[in-house]
Amino acid sequence: MAKVIGILSLKGGVGKTSSVVSLGAAMADLGKKVLLVDANLSAPNLGLHLNVVDPEKTLHDVLKGEANITETIVNLDNFDLIPASIFNKSKLNALKLRDKLNFLKDRYDYILIDSSPSLTEETLAAILASDEILVVTTPDVPTLSMTIKAIKVAKQRGTPIIGMIVNKVHDKNFEIPIREVEKSAGVPVMAVIPHDVGVLKALSDFEPYTHDNNSRGSTEYKKLAAALMGQKYKSFSFREMLGLTPSLQDVNRVAFYTSVFQ
Ligand SMILES: Nc1ncnc2c1ncn2[C@@H]1O[C@H](COP(=O)(O)OP(=O)(O)O)[C@@H](O)[C@H]1O
Ligand SMILES: [Mg+2]
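One structure accompanies this document, and this report is about it.

### A look at the site of ligand 1
- In the neighbourhood of ligand 1, 17 residues make up the surrounding shell, with G13, K16, T17, S18 and N167 lying closest.
- At a separation of 2.8 Å, an oxygen atom of ligand 1 approaches a polar side-chain atom of T17.
- Residue P194 places a main-chain N or O atom 3.0 Å away from a nitrogen atom belonging to ligand 1.
- Secondary-structure elements contributing two or more residues to the shell around ligand 1 are α1 (16-29), β7 (161-169), β8 (189-194) and α8 (197-205).
- Its residues assigned to classes, the shell around ligand 1 shows six nonpolar, eight polar and three charged.

### Looking at the packing of aromatic side chains
- Under the definition given, this model contains one aromatic pair.
- Centre to centre, the rings of Y209 and Y221 are 6.3 Å apart; their planes meet at 90 degrees, and the pair counts as edge-to-face. Of this pair, Y209 sits in the loop between α8 and α9 (216-228) while Y221 sits in helix α9, and the two are twelve residues apart along the sequence. When sorted by exposure, Y209 lands in the same class as Y221, which is buried.

### A word on the pairing of β8
- For β8, the tally of buried residues reaches six of six residues, placing the bulk of the element in the interior.
- Relative to β8, β7 runs parallel, the two sharing four bridges. In the sheet register, M164 faces β8, and the bridge partner there is V189.
- In terms of handedness, the path from β7 via helix α7 (residues 178-185) over to β8 forms a crossover that is right-handed.

Calculation notes
- Residues numbered from 1 in each chain as written.
- Chains lettered and ligands numbered in written order.
- Predicted model: local features only at pLDDT ≥ 70, side-chain atom pairs only at ≥ 80, totals over all residues.
- Heavy atoms only, no water.
- Near = heavy atom within 4 Å.
- Polar contact = N/O pair within 3.5 Å; in protein donor to acceptor, adjacent residues only side chain to side chain.
- Helix = DSSP H or I, 4+ residues; strand = E, 2+ residues; numbered from the N terminus.
- Nonpolar A, V, L, I, M, F, W, Y, C, P; charged D, E, K, R; others polar.
- Phe/Tyr/Trp six-rings, centres within 6.5 Å; stacked < 30°, edge-to-face > 60°.
- Buried < 20%, exposed > 50% of the residue type's maximum accessible area, 1.4 Å probe, protein only.
- Pairing = 2+ DSSP bridges.
- Right-handed = clockwise from strand over helix to strand, strands pointing away.

If you want it as structure tokens, here you go:
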């Protein structure tokens, strides 16, 4: 049975869609059956990240009751995608998302939901369809304030929060330190992704960023994917080699997979 993980943030441009692609690709590369779902119904673009430009059937058709969800699945290299429609403006019932995804739970190990940044029914539908939530933030005050709000909304709905992905980190002293981000939000930081032009390059190549094997961000997504699957990601680590204390997110990932899976 698939675990459904919603990727949430109530602000646009922080890296939800990029994180869905990277995390999904990393999980698929670790051998899992993965489905990515574009539930950003008002401004979908997950398909465009993966060169799925003009799909025949979309999640919109499913939520309008005009298509079966299995008809909307697009098979990509090593994971699947359900796109949404860029052009569709007619009425639909977003809250059916959970029931519709239930039909697919026995086909996948993980279903990752990309969501909208607006606090509307579609975001609520994504939260309610998720077994667990990962929140994406950047280390600045306006985004963090919306992150805290997103966490509150998910908690009110009773959906457990795994933790946060802190994205677009420049490692500058004007940024909110990662520990402070964690303290203010009250949920563990599970991955720290540097601001990296490699993410933009991957986007223009329609390739998951995790296929870049040398970048720090790519390794962070792979470590997060492994932790969510109950595994330790084995990689060469300068920190370990030099006997330095592990990073906050390394400690949180170990805590996650040991508490959940052992
Ligand atoms: N770590 C990163 N470094 C550099 N650019 C990034 C990073 N993460 C995302 N981006 C870029 O930022 C933009 C917004 O990302 P996106 O994933 O679409 O955000 P959201 O889905 O939250 O609106 C995209 O152009 C994406 O390529
Ligand atoms: Mg997006």
